[in-house]
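# Residue-level structural notes
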2 protein chains.
Amino acid sequence: MKSASDRWARVVITSVEPRVQEGDWPIKRAAGETVAVLAGIIVDGHDKLSAELQVTRKGGATMTLPMTPQFNDEYTAAFVAESPGRYSYHVRAWVDRFGSWQDQFRRRKAGGAPESVLLIELLDGAKLLKEFAVNVPQAERAQLLAYANALREGNIKAALDTETLGLARKHDPQRGAVESAPVGVEVDPALAGFAAWYEFFPRSSSDVAWVHGTLDDAAARLPGIRDMGFDIVYLPPVHPVGTQFRKGKDNAPEAKPGEPGSPWAIGAPDGGHMSVHRELGGLAAFDRFVAAASDLGLQVALDIAFQCSPDHPWVKEHPEWFKKRADGTIRYAENPPKKYQDVYPFDLGCENWRTLWEALKGVFEFWMERGVFIFRVDNPHTKPLAFWEWCIGRLRAKNPELIFLAEAFTRPKTMYALARLGFNNSYTYFTWRNTKEELRGYMEELTTTPLIEFFRPNFWPSTPDILHEYLASGGRPAHIVRYVLAATLSPVYGVYGPPYEHVVCNQHPEREEYADNEKYEIRVWNWNDPGSLQPLFRRINRIRRENAALQQLRMLRFLDIQNPHMLAYYKQSGSNIIVCVVNLDPFQVQEGVMTLPLEALGLPQDTPFQMHDLLGGERYIWQDQHYTVRLDPNVMPARIYRILQRLRTEADFDYYS
Amino acid sequence: MKSASDRWARVVITSVEPRVQEGDWPIKRAAGETVAVLAGIIVDGHDKLSAELQVTRKGGATMTLPMTPQFNDEYTAAFVAESPGRYSYHVRAWVDRFGSWQDQFRRRKAGGAPESVLLIELLDGAKLLKEFAVNVPQAERAQLLAYANALREGNIKAALDTETLGLARKHDPQRGAVESAPVGVEVDPALAGFAAWYEFFPRSSSDVAWVHGTLDDAAARLPGIRDMGFDIVYLPPVHPVGTQFRKGKDNAPEAKPGEPGSPWAIGAPDGGHMSVHRELGGLAAFDRFVAAASDLGLQVALDIAFQCSPDHPWVKEHPEWFKKRADGTIRYAENPPKKYQDVYPFDLGCENWRTLWEALKGVFEFWMERGVFIFRVDNPHTKPLAFWEWCIGRLRAKNPELIFLAEAFTRPKTMYALARLGFNNSYTYFTWRNTKEELRGYMEELTTTPLIEFFRPNFWPSTPDILHEYLASGGRPAHIVRYVLAATLSPVYGVYGPPYEHVVCNQHPEREEYADNEKYEIRVWNWNDPGSLQPLFRRINRIRRENAALQQLRMLRFLDIQNPHMLAYYKQSGSNIIVCVVNLDPFQVQEGVMTLPLEALGLPQDTPFQMHDLLGGERYIWQDQHYTVRLDPNVMPARIYRILQRLRTEADFDYYS
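The structure presented is a predicted model; accordingly, all values stated were derived computationally and were not measured.

## Here's the deal with the overall build of chain A
Of the regular secondary structure elements, chain A holds 16 helices and 29 strands. Overall, the C-alpha framework of chain A stretches about 105 × 65 × 45 Å when taken along its three principal axes. Of all 657 residues assigned to chain A, the portion counted as buried reaches 60%. Carbon and sulfur atoms form 50% of the exposed surface of chain A, whose accessible area is close to 25,500 Å². Averaging the positions of the 74 positive and the 82 negative side-chain charges in chain A gives two centres separated by 4 Å.

Structure representation (C-alpha cells):
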C-alpha cells in the first residue's frame, strides 16, 4: 500500500479488513456468509473521496460495489460469498473531484460568497464536466456538456444538482486512483460453517454382541442419526486392518486371537487406503452406505490417516516411500522412548516424493469418486505443511465442495497454520477448557482475534482418543453441559455418539481416554435406549436449525453472571437472539444474578419482553436487566433462552411435538 | 511466508515481530535502541529447529545472530541499532538435523534401548556427519569425518558430545532453509528518541519593549536555554514576512502600520524560503545563531511551512506552481467559507510538479548546508503524502542525521500515515488529553499498539496555536502538571517557552489560543524572572538526563490509585525505576491510595525500600504495596519518585546543588 512519487498519487489506502495478517493467505467464509469490508482511506487536505469494492470470483465476473464513508476516514461495503470457490476482493479509491468541487461550492454559497466569486467558481466546475465528457457514450456526453454549459452560464441550481453529481461521478476518469492488494476469500460449502457431526464405529453397529458389524448394519443406524438432526456421519478408517504387531484390548502390545485390531493400523494383503475391510462388507457395502446416507440427506465423512501397517501393500510395492534404518529395515513410528511398531509413517521427503504425494492425493480422489466430500485428516501436523497446502489446494481448486477437518491436537501455531493453508475445520482445545475462565478466554481467542477469519473450530466433547476427567467424574449432568456448550458455542460440533449418549464414564486407568475402547474392540450398543441422551441431541439440533444466532461464530458475547460456576452468553443474528446459561458444576445446584445488556440487545428500557427457554419449554416475562437463574444439574444444568419482544404466550415454535 | 510444494520445505515461519503491519514500511528506532525480534517458527513432527537472525546495514555488512528457542514455538534474538541509517533484518530457519538425531538418540538410550538398536542408530548419525563434511575446510572436514568414524565404531560418548553437535551445526548444509521477508529498520539520531525542545520567537528576544529582536538578541538567550537543560531550540519561520493581506494583532484581517505580521506569511521582495528576514539580521545573523547554539551543544530546529505570501518571489518567478481560478488569479488558501488571503498554497500536482518538488526539497538542503538538521514541518497533511515520502526519503537516504517533526493536527489515520512514511517525530493529541481516563487511554494507544513501532510522539503542553482551557483556567498548578506529564510520559517533549514559563493564561476570547499572540506581535519577556517556571524546567530536564527510565516510551505502566483526579505510573529501564504521581486537579488538594506492584517492580516482599522524590527531595522508606499520596496543587502537584533498594539516606544525587 505504499504510494509512489507521482503528482496524482494523493490517495492512500492505509488498511483493509478483513484479511489474514500473517502472509498472503485467504480469509475464509462458508457459502452464504457475508464479507464486510472496512478500508481506511486518506487524502491530503479537504477533498472528498470515492471508493469502491471490487469482488472477483475466480474465473468469473467482477462485481463493483460503492463504498460508504463512515467516521474516521473509514469506508465500508459488504458482499455475500454465494457459493463455494475462490473469490478475491480489493478496494479502489480516488479523489471525487466533482463532488469535492460541488461541496466547496455549496459551502461558499452558504457562507455568503458574492455572485462574482460564485460565477468564477462555476467556470471551474464546468471545466471539470468538460474534462469528464471525454470518451463517454454520445447521449451521456451530450448531457455532461449541457451541464457544463449551464454552469458556464451561471446556473447555480444545475451546479448543486444531485443528477449533475451522479453523472459526473459516473464518468470521473478517476485520476490517480489507487488499489489495495487483493485479498483472497476461500468460500467453503455451507456445512463447513454450520454442521453437527456424529461419529461411530461401523463394526460396533451390529445388534449381536461380539459380532463384527458391517456397513450395511451401520446403514441401518442412519435413519436414527438423521432423526436426531445430525448432518454428517463420520466413520473411523474402514480399510483392511493390519495383523503384524496388531494391538489388543485397550492398546495391549499384542492382540489375542480374534481381536479386531485398531482401524488406524491401515492395510493388509486385502488392500490399503483404497480398499474396504472385508468384514465391513467391502467396497460394495460402502457404496450402499453412502447411497443410504445420501437418500437421508446425510453426508459421509471418512477418516484419512496417512500411515501404513506393516502389511499394507504399499510397503512391498513402494518401499522407497518409507524411511529405512541403517540396517535396511523400515522405520516404524516412534517418539523415543515410545514406539508404535504397528505403524509405518510415510517419508514425504523421500527421493520418490512426487509419486508418493500424487498417490496420497489419489486416496482423496478415490473416495471423492465414491461420493465422499468430507475428510477428517488424522494427525496432519506430523506431515509437512507444504504437502497439505499442495494437496488441499489442488483438490479444492477442482472441487470447492470438499471439507477437510484437521485433527491436529498440537501446539497452537501449527494448529493455526494448518487452518491458514487450507483445512476448513479444525479440532480444538475445547475438550480441555472446562472452567468458566477457560471457556471465556478460549472463546474470546477464537472469536475476537484474527483467528475468526480463517480458523473454524469443530467442538467435540469427547473422541475415541479423549475422555476428559470432567466428563468421567461428572456423569450425566457433565455430559449435558458439555454437549450444550459444544453445540451452542460453536456452529460446527461433533459427538462421538454411542458412548456419549450412553454416558459412558469408564476412563482408562492410565490415560485420559475411554476404557474398553472401541479403537481396539467391538462393542454393542443399544441404539434405542429411551434413557440415553438421544432426546437431548434431537432437541438441541432442532434449536440450532431454527435459530440463526447459533449458526454463526462471530457474534458471541459473554454476560455477567455472579457465580464462578455459571457461564452465560448470547449469540445474535439479525433479530434472532439466543441467551445460554449453563451451570458448570455437575454436582451442586447453583444460582446467580445475570445481567442482560438491554441496549446492546435492542430491548427497550421498561418494556417487558419474553424469555422462552427452548430447552425446558418455560416462558418468562422479564423487564429488568438483572435476573436470578437457578440451575439444578440433576434436572437440567442449562437454559437456552430465545428473546422475543412480543409477549403472546402461544408457542411460536413447538419443541414438544 | 507461504511454503512451497517442495520435499524439503518443512519449516514455516508463521510470524516475525516487530514489523509495521500496514504495508511494507520500516519500523523505527533511535540510535542506541534495541530491536528485540520474536519469530514464530514451526515444523511438522518432533524435529528440532535452528534459527538465526540476519541484520544488514544498508550498504554495509550482514551480522548473523543465533536465535534462542522459547516457549510455544517462539525464537528470539536482539540487536542494537547502533547509528542512524537504514537497516533490515530477516529470520532464517531450518531443521537441525544432527541436533534432532542426537536428541532422539539420547531419549532412546535413556529409554533403555538395547545396544543392538543404538548401534544401528549411530550409523545414521555417522551418515549425517559425513554428509555435512562436504565443502568444509580441510581441518574441520577431518574432524567431522573422525566423529563419523567414532559413531560408526559405536562410540556413544562422541555421539552425545556437545562438540560434535557444535561442529555439525556449524556445517549443517541447512537443507530446506526458509527465510522471512526482510523488515526495514529506520534508525534515527538519538535526539529523535530523547530530547527536550524549547520554542521561542526570536523577534521577541530583545530586552526593549516593541523593538524587533534580532537573531543576535536571540543568541543571547541560548546560554539560559541550555542551562535549563534543553537540547533543541525551535524557531518559527525566520523568512521575510509578506505585506499584502498582512494580519494584524490577534489575527485581525488588516495589519496596522508597524505591525510585524505573521512569520508564517512567508516571502517578500527581499526573498522567500531561503532568506532571513532583514529585521532578524539576515543570513549572517542566522549563521551566528547556529554557531552559538552549536558551541553550547544545542541543535537548531527550523519551521518549514510550504506556503507563500502574495509577495513571495516564487509567485512571480513560478506562477505555474500555484492553482489559478478561472479568472486567472492565484487561488489563496481557503476551507469555505474560511479564507486565508495572505497565504498561497503550492499546487503539488501542477504541470511543472517535478521542478516544484525539487525546489521544495532544495529548501531543506539550503538549511542543511547552514547547519540545520531538525525541521518542524507545518501542516504536512495538506500536501500529498507521496511528496513527503519522496522528499524525506531522498534527504534521509543521504543524511540519516535529519529529524522531521510533523505538525499534523489532523485525523488519526493521516497523522499515523505521515509517521509511517518518514516523519521521525509527531505532534500529538496530548494537548487535549487532560483527564485521568483520557491520558491513560491515549498513552496505552501510543505504547501498547503497533504505533510503538513507528509513531514517535513529541508532547507539547501548549503552542502558539493552542492554549487549552485546562491551562488557561488552572494557572500555575496546571502548568506544572502538564509540564511534568509531557516530560515524564514522553521521552521527547517541547515547550513554547516564554509564555509557558511566565504562566500566561490569557486566552483569546474566541479561539483556544493565547491572546496578544506572538504570531502577530512582538512581545517582551523577562528572561530572568526568579518567579518563572524556569527552575522547574531545569530540575525536570536534569531528572530526565539522570534516569534512563524516562528516556524511553515503551516501558510505561499505569498504577492503581484510588482517586479519579490522580494519575500514577511507572517507567523502567533496567534497574532504573521512576514512579510518577500527579494531582490532575489544579484547584484542590487530592489524596489517594496507590498500589505498587512489588513483584513486577522486582522488589522483594517484606523488605523495606527507599522512595526518593526527585522533585521535592524527600526520601521515604516504604515496605508495603499500598501508600497514601497527598498532593497540594499550590505546593507541588506531582512527585517523581526514584525507587532505590538501598536504604542509606545520604544523597545519591543532589538535585539542590
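## Observations regarding the side chain of B:His171
As for its position among the elements, B:His171 is in helix α5 (residues 162–171). Setting aside anything within four residues of it in sequence, one finds B:His171 in contact with B:Phe132, B:Val136, B:Pro137, B:Glu140 and B:Leu144.

## Things to note about the interface of chain A and chain B
Interface size, as often reported, equals the accessible area lost upon joining of the parts. Taken together, the contact between chain A and chain B spans 63 residues of the former and 63 residues of the latter. Here chain A meets chain B over a buried area of about 5,600 Å², counting both sides, of which 52% is carbon and sulfur. With a shortest N-O distance of 3.0 Å, A:Arg331 and B:Glu121 are connected by a salt bridge. Our count for the contact surface shared by chain A and chain B stands at 22 residue pairs in polar contact (both at pLDDT 80 or more).

## What about the relation of the copies chain A and chain B?
Overlaying chain A with chain B gives an RMSD of 0.1 Å, the required rotation being 180° about an axis along which the chain moves by 0.0 Å. Classification of the inter-copy transformation places it as that of a two-fold axis. Considering only C-alpha atoms, the part of chain A nearest the rotation axis is A:Gln21, at 3.8 Å. Both copies contact each other with a shared surface, as 100% of the interface residues of chain A are interface residues in chain B too.

## Concerning the pairing of strand β18 (residues 374–378) of chain A
Residues and elements named next belong to chain A. Counting buried positions along β18 yields 5 of 5 residues, so the element is predominantly enclosed. Side chains Ile 374, Arg 376 and Asp 378 project from β18 onto one buried face, and the interleaved Phe 375 and Val 377 project onto a second face that is buried too. Of the strand pairs in this sheet, strand β13 (residues 299–304) and β18 are connected by 4 bridges, and their pairing is parallel. When the bridges of β18 are listed, Leu 302 appears paired with Phe 375. As defined by bridge partners, β18 adjoins strand β19 (residues 403–407) across 5 bridges and the pair is classed as parallel. The residue of β19 that forms the bridge with Asp 378 is Glu 407. Of the crossover connections in this fold, the one passing from β18 over helix α11 (residues 385–398) to the parallel β19 is right-handed.

## Side note on the sheet that holds strand β12 (residues 232–235) of chain A
Strand pairing in a sheet is mediated by backbone hydrogen bonds. Such pairs are either parallel or antiparallel. Residues and elements named next belong to chain A. What the 7 strands build is an open sheet, ordered β20-β19-β18-β13-β12-β11-β21; its pairing is parallel. The sheet is open, and its two borders are formed by β20 (425–426) and β21 (492–496), each paired with just one other strand. Strand direction decides the pairing type here: strand β11 (residues 195–199) and β12, joined by 3 bridges, are parallel. Looking across to β12, one finds that Tyr 198 is bridged to Val 233. In the packing of helix α8 (residues 282–295) onto the sheet, the strands contacted are β12 and β13, and the crossing angle to β13 comes to about 140°.

## Some remarks on the packing of aromatic side chains
Taken as a whole and assessed by the stated rule, the structure comprises 95 aromatic pairs over all chains. Both rings, one in A:Phe364 and one in A:Phe404, keep their centres 5.2 Å apart while their planes meet at 75°; by these two values the pair is edge-to-face. You can see A:Phe364 sitting in helix α10 (residues 353–369) and its partner A:Phe404 sitting in strand β19, a full 40 residues away along the chain. Among the residues examined, A:Phe364 registers a relative accessible area of 0% and is labelled buried. A:Phe404 sits in the buried class, given a relative accessible area of 0%. Put simply, the rings of A:Phe306, A:Trp353, A:Trp357, A:Phe364, A:Phe375, A:Phe387, A:Trp388, A:Trp390, A:Phe404 and A:Phe423 pair up and form one aromatic cluster. Residue placement shows B:Arg175 over the ring face of B:Trp8; its charged tip is 3.5 Å from the ring centre. The ring of B:Phe430 carries the charged tip of B:Arg482 above its face, separated from the ring centre by 4.0 Å.

## Here we look at the packing of helix α1 (residues 97–110) of chain A against helix α5 (residues 162–170) of chain A
Packed helices, taken two at a time, are described by their axes: the angle between them and the distance between them. Residue and element names in this part refer to chain A. Orientation of α1 relative to α5, taken along the N-to-C sense of each, is 150°, at an axis distance of 8 Å. Taken together, the axes of α1 and α5 lie roughly antiparallel to each other. Side by side, α1 and α5 meet where Phe 98, Gly 99 and Gln 102 of the first sit next to Thr 164, Leu 165, Ala 168 and Arg 169 of the second. A class-by-class count of the residues in the contact of α1 with α5 yields 3 nonpolar, 3 polar and 1 charged.

## A short note on the packing of helix α14 (residues 469–489) of chain B against helix α16 (residues 534–546) of chain B
Residue and element names in this part refer to chain B. Direction vectors running N to C along α14 and α16 enclose 20°, while the axes themselves pass 11 Å from each other. Considering the angle they form, α14 stands roughly parallel to α16. The two elements α14 and α16 meet at a crossing, and its hand is right-handed. Taken together, the residues of α16 that come into contact with α14 (itself represented by Ile 480, Tyr 483, Val 484 and Ala 487) are Leu 536, Phe 537, Ile 540, Asn 541 and Arg 544.

## Re the side chain of A:Lys519
All names here are of chain A. In this fold, Lys 519 is placed in the loop between α15 (497–501) and α16 (534–546). By relative accessible area, which is 8% here, Lys 519 ends up buried. Among all residues touching Lys 519, those that are not within four sequence positions of it are Phe 201, Arg 203, Gly 261, Ser 262, Pro 263, Trp 264, Pro 464, Asp 465 and Glu 513.

## Some points on the sheet that holds strand β7 (residues 74–80) of chain B
Strand order in the open sheet made by the 4 strands is β1-β3-β7-β6 (chain B), with antiparallel pairing throughout. Looking at strand neighbours, the two that pair on one side only are β1 (12–17) and β6 (68–69) of chain B, the edges of this open sheet. Pairing of strand β3 (residues 34–42) of chain B with β7(B), which is carried by 7 bridges, proceeds in the antiparallel orientation. Across the sheet, residue B:Val35 finds its bridge partner in β7(B), namely B:Phe79. Where helix α12 (residues 412–421) of chain A meets the sheet, its contacts fall on β1, β3 and β7 of chain B, and the angle it forms with β3(B) comes to roughly 70°.

## Some remarks on helix α7 (residues 215–227) of chain B
Residue and element names in this part refer to chain B. The end-to-end C-alpha separation of α7 is 19 Å, in line with the 18 Å expected for 13 residues at 1.5 Å each. The sharpest bend along α7 measures roughly 30° and falls at Arg 221, with the proline Pro 223 sitting one to four residues further on. Among the residues of α7, Leu 215, Ala 218, Ala 219, Arg 221, Leu 222 and Ile 225 are the ones counted as buried. Looking at the buried side of α7, the elements it contacts are β11 (195–199), β12 (232–235) and α8 (282–295). Where α7 begins, the side chain of Thr 214 points an oxygen toward the backbone nitrogen of Asp 216, at a separation of 3.1 Å. Positive phi appears at Gly 229, one or two residues downstream of α7, with a value of about 100°.

## A look at the confidence of the model for chain A
Residues and elements named next belong to chain A. Overall, the prediction assigns chain A a mean pLDDT of 95, with 97% of residues at 70 or greater. Note that residues 653–657 has pLDDT below 50 and, in this model, 18 contacts with residues that lie over four places away or in other chains. With a pTM of 0.94, the predicted complex shows an ipTM of 0.93.

## Notes on the environment of A:Trp460
Residues and elements named next belong to chain A. Looking at the secondary structure, you find Trp 460 in the loop between α13 (436–448) and α14 (469–489). Counting along the chain gives 187 residues from Trp 460 to His 273, while the straight-line C-alpha distance between them is 26 Å. When sequence neighbours within four positions are dropped, the list of residues in contact with Trp 460 reads Trp 197, Glu 199, Tyr 234, Tyr 427, Phe 430, Thr 431, Gly 494, Val 495 and Tyr 496. Engagement of the side chain of Trp 460 in a polar contact is seen with the side chain of Asn 458, the distance being 2.9 Å.

## Considering unusual backbone geometry
Residues and elements named next belong to chain A. Put simply, Pro 336 and Pro 337 share a cis peptide bond, and its omega is 5°. Within the fold, Pro 337 resides in the loop between β15 (333–335) and β16 (338–340). Non-glycine residue Trp 210 carries a positive phi angle of around 65°. Relative to the helices and strands, Trp 210 is located in the loop between β11 and α7 (215–227). Among the residues examined, Trp 210 registers a relative accessible area of 65% and is labelled exposed.

## So, α11(A)
Residues and elements named next belong to chain A. With 14 residues, α11 extends 20 Å between its outermost C-alpha atoms, agreeing within 8% with the 20 Å of an ideal straight helix rising 1.5 Å per residue. Along α11, 10 of the 14 residues are buried, which leaves the element largely enclosed by surrounding structure. Those residues of α11 that sit buried are Leu 385, Ala 386, Phe 387, Trp 388, Glu 389, Trp 390, Cys 391, Ile 392, Leu 395 and Arg 396.

## Section: the pairing of strand β5 (residues 62–66) of chain A
Residue and element names in this part refer to chain A. Pairing of strand β4 (residues 49–57) with β5, which is carried by 5 bridges, proceeds in the antiparallel orientation. What sits directly across from Leu 53, in β5, is Leu 65. What sits between the antiparallel neighbours β4 and β5 is a turn of 4 residues, in which Gly 59 has the positive phi angle 75°.

Analysis parameters
- Residues numbered from 1 in each chain as written.
- Chains lettered and ligands numbered in written order.
- Predicted model: local features only at pLDDT ≥ 70, side-chain atom pairs only at ≥ 80, totals over all residues.
- Heavy atoms only, no water.
- Helix = DSSP H or I, 4+ residues; strand = E, 2+ residues; numbered from the N terminus.
- Buried < 20%, exposed > 50% of the residue type's maximum accessible area, 1.4 Å probe, protein only.
- Areas by Shrake-Rupley, 256 points an atom, 1.4 Å probe, with all protein chains shown as cover.
- Lys, Arg positive; Asp, Glu negative; His and termini not counted.
- Charge placed at Lys NZ, Arg CZ, Asp CG, Glu CD.
- Contact = heavy atoms within 4.5 Å.
- Buried area = accessible area lost by both parts, 1.4 Å probe.
- Salt bridge = Lys/Arg side-chain N within 4 Å of Asp/Glu carboxyl O.
- Polar contact = N/O pair within 3.5 Å; in protein donor to acceptor, adjacent residues only side chain to side chain.
- Least-squares fit on C-alpha atoms with pLDDT ≥ 70 in both.
- Pairing = 2+ DSSP bridges.
- Right-handed = clockwise from strand over helix to strand, strands pointing away.
- Axes fitted to C-alpha atoms, helices over the stretch in contact; angles between N-to-C directions.
- Phe/Tyr/Trp six-rings, centres within 6.5 Å; stacked < 30°, edge-to-face > 60°.
- Lys NZ or Arg CZ within 6 Å of the ring centre and 35° of its normal.
- Parallel < 35°, antiparallel > 145°, perpendicular 65-115°, else oblique.
- Nonpolar A, V, L, I, M, F, W, Y, C, P; charged D, E, K, R; others polar.
- Left-handed = near helix turned anticlockwise from the far one by under 90°.
- Expected span 1.5 Å × (residues − 1).
- Bend = angle between axes of the 7 residues up to and from the residue.
- pLDDT = per-residue confidence, 0-100.

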